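A closer look at the structure
Chain residues, written in single-letter form:
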Amino acid sequence: MTEADALPRWELESVFPSVDSPEFAGAIQDASQAVDTLAALFDTHRVDQRSPAPLDDDTVRAVEGVIVRYNEVLAATRRLEGYLVCLVEADTRDERVQAAYADLQQRKVPLTRLTARFTAWIGSLDVEALIERSQLAREHADPLRRTKLAAAHLMSPAEEALAAELGPSGGAAWSRMRNDLAARLTARLELDGEERELPLTEIANLAYHPNRDVRRRAHEAGLSSWHSQAVPLAAALNGVKGETQTLTRRRHWADPLDAALFANHVDRPTLEALLGGIREALPEYRRYLRAKAHLLGLPILTWYDQSAPVGAGRTWPFADAAVFITERFGEFSPKLAALARRAVGERWIDAGPREGKGGGGFCAEVGPGDSRILLNYAPVYDWMSA
């Protein structure tokens with residue numbers, strides 16, 4: 001067993017026993033029926049009006065009822081999607097999971113269409129007056145205001161419906177293909193006298209190896225593996241960005257960055273402040289890189305020297321990292337420390353890199369107050385502190 005194999009894996013059976021289980025099938029059917037019920041509610045209240053709507057008592061009550069039901073449907077769908085994303089990213093080679101995930105994406109199309117209808121409806125209302133008149137609206141003030149802004153960037157109802165139907169086989173499919181392809185890539189590398197076939201997540205973690213020749217060979221092996229897939233990766237990039245460019249233009253955003261900033265709750269001044277801070281810090285960062293090169297005995301750092309350790313340092317086994325993080329959280333907030341202990345104790349974390357597993361890391365909601373965390377952990381400070 002390798003060190004990566006010994007790292008903890010998450011527990012998902014408490015969410016659903018499997019994608020083949022009656023519990024999962026029942027939840028899928030319940031979610032589909034809930035979307036149908038929500039659509040009927042939308043029809044009852046004419047949740048698609050694009051001309052200014054009167055904000056009378058009936059409308060206020062209708063908005064409150066729709067918000068409650070809409071939130072319930074979104075929560076059920078997020079639970080299913082979070083569960084399937086975890087399974088897909090843990091092993092992209094599992095065809096049963098891939099099929100279940102693709103099925104859910106198709107089942108979400110009617111909900112995506114309803115989202116456009118809801119956005120148009122809120123856009124037709126006086127949102128500030130609604131917030132004044134309704135306690136529930138006040139609790140949802142920020143998303144309601146953002147929905148009002150988003151309504152100005154809707155296409156026609158027919159175009160929004162078409163975009164929703166094409167989404168699963170368009171940019172989302174290209175994105176999924178890219179992620180699946182990356183998770184399955186491997187590279188051959190000689191380590192400790194043994195020729196090994198390693199997933200690119202393990203190859204990437206060798207950037208922290210103390211031996212420069214290992215770092216160099218790992219870097220070159222990884223690049224070679226990526227280059228071997230240049231054609232499908234370019235096609236995926238063109239597919240995703242082509243859809244983005246088209247929808248950006250059709251929805252009358254100035255450029256894709258404006259749409260992305262809005263989606264991520266960031267405005268242009270904030271972005272410019274962040275970029276300005278980076279530019280101001282570059283001289284210090286370059287000084288740091290020159291100092292690191294000097295300490296490593298190099299005239300200049302190459303890409304594969306960026307994460308090289310300086311000096312003996314220490315390793316961070318996963319168990320030590322978990323204790324360290326929990327203790328640091330505890331110094332700031334007992335609640336955060338309790339959450340960290342729960343994440344470890346209830347096996348929320350899939351820690352180790354392996355073939356077929358997605359790269360990087362993320363946190364996914366799989367139910368109210370319940371999450372799962374994906375890592376590709378290496379026993380170094382950078383991963384411990386990430």
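Refer to the preceding data block for the structure.
Description of the structure in this document. (Residues numbered from 1 in each chain as written. Predicted model: local features only at pLDDT ≥ 70, side-chain atom pairs only at ≥ 80, totals over all residues. Heavy atoms only, no water.)

As paired elements, strand S1 (residues 186–191) and strand S2 (residues 194–199) share 6 bridges and run antiparallel to each other. In the sheet register, Leu 191 faces S2, and the bridge partner there is Glu 194. Taking the residues between adjacent antiparallel strands as the criterion, S1 and S2 are bridged by 2 residues, where Asp 192 takes a positive phi near 55°. (Pairing = 2+ DSSP bridges. Helix = DSSP H or I, 4+ residues; strand = E, 2+ residues; numbered from the N terminus.)

Quick look at unusual backbone geometry now. Not every positive phi belongs to a glycine, and Arg 46 is a case in point at roughly 55°. By secondary structure assignment, the location of Arg 46 is in the loop between helix H2 (22–44) and helix H3 (57–90).

Position of Asp 180 relative to the elements: it lies in helix H10 (residues 171–184). On a C-alpha basis, the gap between Asp 180 and Gly 358 in space is 7.4 Å, while along the polypeptide they are 178 residues apart. In contact with Asp 180, other than residues within four places in its own chain, are Val 88, Thr 92 and Gln 98. Within the structure, Asp 180 has its side chain in polar contact with the side chain of Gln 98 (distance 2.9 Å). At 2.8 Å, the side chain of Asp 180 and the side chain of Arg 176 are in polar contact. (Contact = heavy atoms within 4.5 Å. Polar contact = N/O pair within 3.5 Å; in protein donor to acceptor, adjacent residues only side chain to side chain.)

To continue, consider helix H16 (residues 318–332). With 15 residues, H16 extends 22 Å from end C-alpha to end C-alpha; this agrees with the ideal 21 Å at 1.5 Å per step. Listed in full, the buried residues belonging to H16 are Phe 318, Ala 321, Ala 322 and Thr 326. The arc enclosing the buried residues of H16, seen along the axis, measures out at 130°, which places them on a common side. (Expected span 1.5 Å × (residues − 1). Buried < 20%, exposed > 50% of the residue type's maximum accessible area, 1.4 Å probe, protein only. Arc of directions from axis to C-beta.)

Counted under the stated rule, the structure contains 37 salt bridges. Asp 305 is the salt-bridge partner of Arg 215, the closest N and O atoms lying 2.8 Å from each other. Remark: Asp 305 occurs in the loop between helix H15 (268–295) and H16 and Arg 215 occurs in helix H12 (residues 212–227); sequence separation between them is 90 residues. Residue class for Asp 305 comes out buried when judged on its relative accessible area of 0%. Here Asp 370 ties to Arg 372 by a salt bridge, and the two come within 2.9 Å at their closest N and O atoms. Pair check on accessibility: Asp 370 and Arg 372 agree, each one buried. Where salt bridges share partners, they join Glu 190, Asp 213, Arg 216, Arg 217 and Glu 220 into one cluster. (Salt bridge = Lys/Arg side-chain N within 4 Å of Asp/Glu carboxyl O.)

So, on to the sheet that holds strand S3 (residues 349–350). Across the sheet, 3 strands lie side by side as S3-S5-S4; this open sheet has mixed pairing. Looking at strand neighbours, the two that pair on one side only are S3 and strand S4 (362–367), the edges of this open sheet. As defined by bridge partners, S3 adjoins strand S5 (residues 370–374) across 2 bridges and the pair is classed as parallel. Paired with Ile 349 across the bridge in S5 is Ile 373. The sheet strands contacting H3 are S3, S4 and S5, and the helix crosses S4 at an angle near 135°. (Axes fitted to C-alpha atoms, helices over the stretch in contact; angles between N-to-C directions.)

End to end, H10 covers 20 Å across 14 residues, agreeing with the expected 20 Å (1.5 Å per residue, within 8%). Along H10, the residues that are buried comprise Gly 171, Arg 176, Asp 180, Ala 182 and Ala 183. In this structure, the buried side of H10 is in contact with H3, helix H4 (95–107), H12 and helix H13 (230–250).

Function-wise, these values are silent; they only describe arrangement.
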